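# Coordinate inspection notes
Listed below, chain by chain, are the residues.
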Amino acid sequence: MADISDFHLDEDQDPVALILLPTGQSVPLRWMDEDDNLTTDEAELRTIADKALDGLSAEKLEAIEEEVVRELTDSAFEEEEREIAEEDYRKLAGDMELIGIAVFTDGVVTLEFIAENNYPDLVIYVQLDDDYGVDDLMVE
């Protein structure tokens, strides 16, 4: 069961809360609905989050972050003259921070990261598949 606290409606009347992750980090949790038919029933939303996040372990979170670091760094160096060094991966890994999680009512989970030094003023969105692998990665 997800460790969710501080459930409330934000200024737009959208449900938000804090979630304590298996890593010990607490981040904002938002619920989303593709059809804008999002319920505000706390019990129903907790059930959606519990089901969607049930298998998201500390190990899976670490593996996701590592995969994102590798994909973004590899992509950034595609046009470069030099080879990618392990230090290049470490720089991004040290800069990335998980800042939130969005759970869609259909069970899709999106992790939201920032990397202030590498991607200033941008958010890294990582949509997960059913096995908590990276399904889609977007920076905007």
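In the block above lies the structure referred to throughout.
A brief look at the structure comes next. (Residues numbered from 1 in each chain as written. Predicted model: local features only at pLDDT ≥ 70, side-chain atom pairs only at ≥ 80, totals over all residues. Heavy atoms only, no water.)

### Let's talk about the overall build of the chain
Counting its regular elements, the chain contains three helices and seven strands. Listing every helix and strand of the chain by position from the N terminus yields β-β-β-α-α-α-β-β-β-β. Projected onto its principal axes, the C-alpha positions of the chain cover 55 × 30 × 25 Å. Taken across its 140 residues, the chain has 38% of its residues classed as buried. Of the roughly 8,400 Å² of accessible surface on the chain, 43% is carried by carbon and sulfur atoms. If the 8 positive side-chain charges of the chain are averaged to one point and the 42 negative ones to another, these points end up 7 Å apart. (Helix = DSSP H or I, 4+ residues; strand = E, 2+ residues; numbered from the N terminus. Buried < 20%, exposed > 50% of the residue type's maximum accessible area, 1.4 Å probe, protein only. Areas by Shrake-Rupley, 256 points an atom, 1.4 Å probe, with all protein chains shown as cover. Lys, Arg positive; Asp, Glu negative; His and termini not counted. Charge placed at Lys NZ, Arg CZ, Asp CG, Glu CD.)

### As for the pairing of strand S4 (residues 96-104)
Burial analysis of S4 places seven of its nine residues in the buried class, the great majority of the element. Between S4 and strand S5 (residues 109-115), which follow one another and run antiparallel, lie four residues, and Gly107 among them has a positive phi close to 95°. (Pairing = 2+ DSSP bridges.)

### Observations regarding the nonpolar core
Generally speaking, nonpolar side chains in soluble globular proteins are found buried as a group. Trp31, Ile101 and Leu111 are the most contacted members of the largest nonpolar core, which totals 36 residues. When near neighbours in sequence (up to four residues on either side) are disregarded, Trp31 contacts Ile4, Phe7, Pro15, Val16, Ala17, Leu38, Leu45, Arg46, Ile48, Ala49 and Val103. (Core = buried A, V, L, I, M, F, W, Y, C linked by side-chain atoms within 4.5 Å. Contact = heavy atoms within 4.5 Å.)

### A closer look at the environment of Gln127
For Gln127, the location among the structural elements is in strand S6 (residues 124-128). For Gln127 and Glu59, which are 68 residues apart along the polypeptide, the C-alpha to C-alpha distance reads 17 Å. Filtering out sequence-adjacent residues up to four positions away, Gln127 remains in contact with Val108, Val109, Thr110, Gly133, Val134, Asp135 and Asp136.

### Concerning the sheet that holds S5
Pairing within the open sheet is mixed, and its seven strands lie in the order S1-S2-S3-S4-S5-S6-S7. Looking along the sheet, the strands with just one partner apiece sit at the ends: strand S1 (3-9) and strand S7 (134-139). Put simply, the sheet's adjacent strands are angled 25° from each other on average, direction ignored. The sheet contact formed by S4 and S5 spans seven bridges and is antiparallel. For Glu97, the partnering residue across the bridge sits in S5 and is Ile114. Along the sheet, helix H2 (residues 58-76) contacts S4, S5, S6 and S7; its crossing angle with S7, the most-contacted strand, is approximately 50°. (Axes fitted to C-alpha atoms, helices over the stretch in contact; angles between N-to-C directions.)

### Some thoughts on H2
With 19 residues, H2 ought to run about 27 Å at 1.5 Å a step, and its terminal C-alpha atoms sit 27 Å apart, in line with that. For H2, every residue scored as buried is listed here: Ala58, Leu61, Ile64, Val68, Val69, Leu72 and Thr73. Viewed along the axis of H2, the buried residues span an arc of 155°, placing them on a single side of the element. For H2, exposure combined with an orientation more than 90 degrees from the buried face picks out Glu59 and Glu66. Looking at the buried positions of H2, the neighbouring elements they touch are helix H3 (86-95), S4, S5, S6 and S7. (Expected span 1.5 Å × (residues − 1). Arc of directions from axis to C-beta.)

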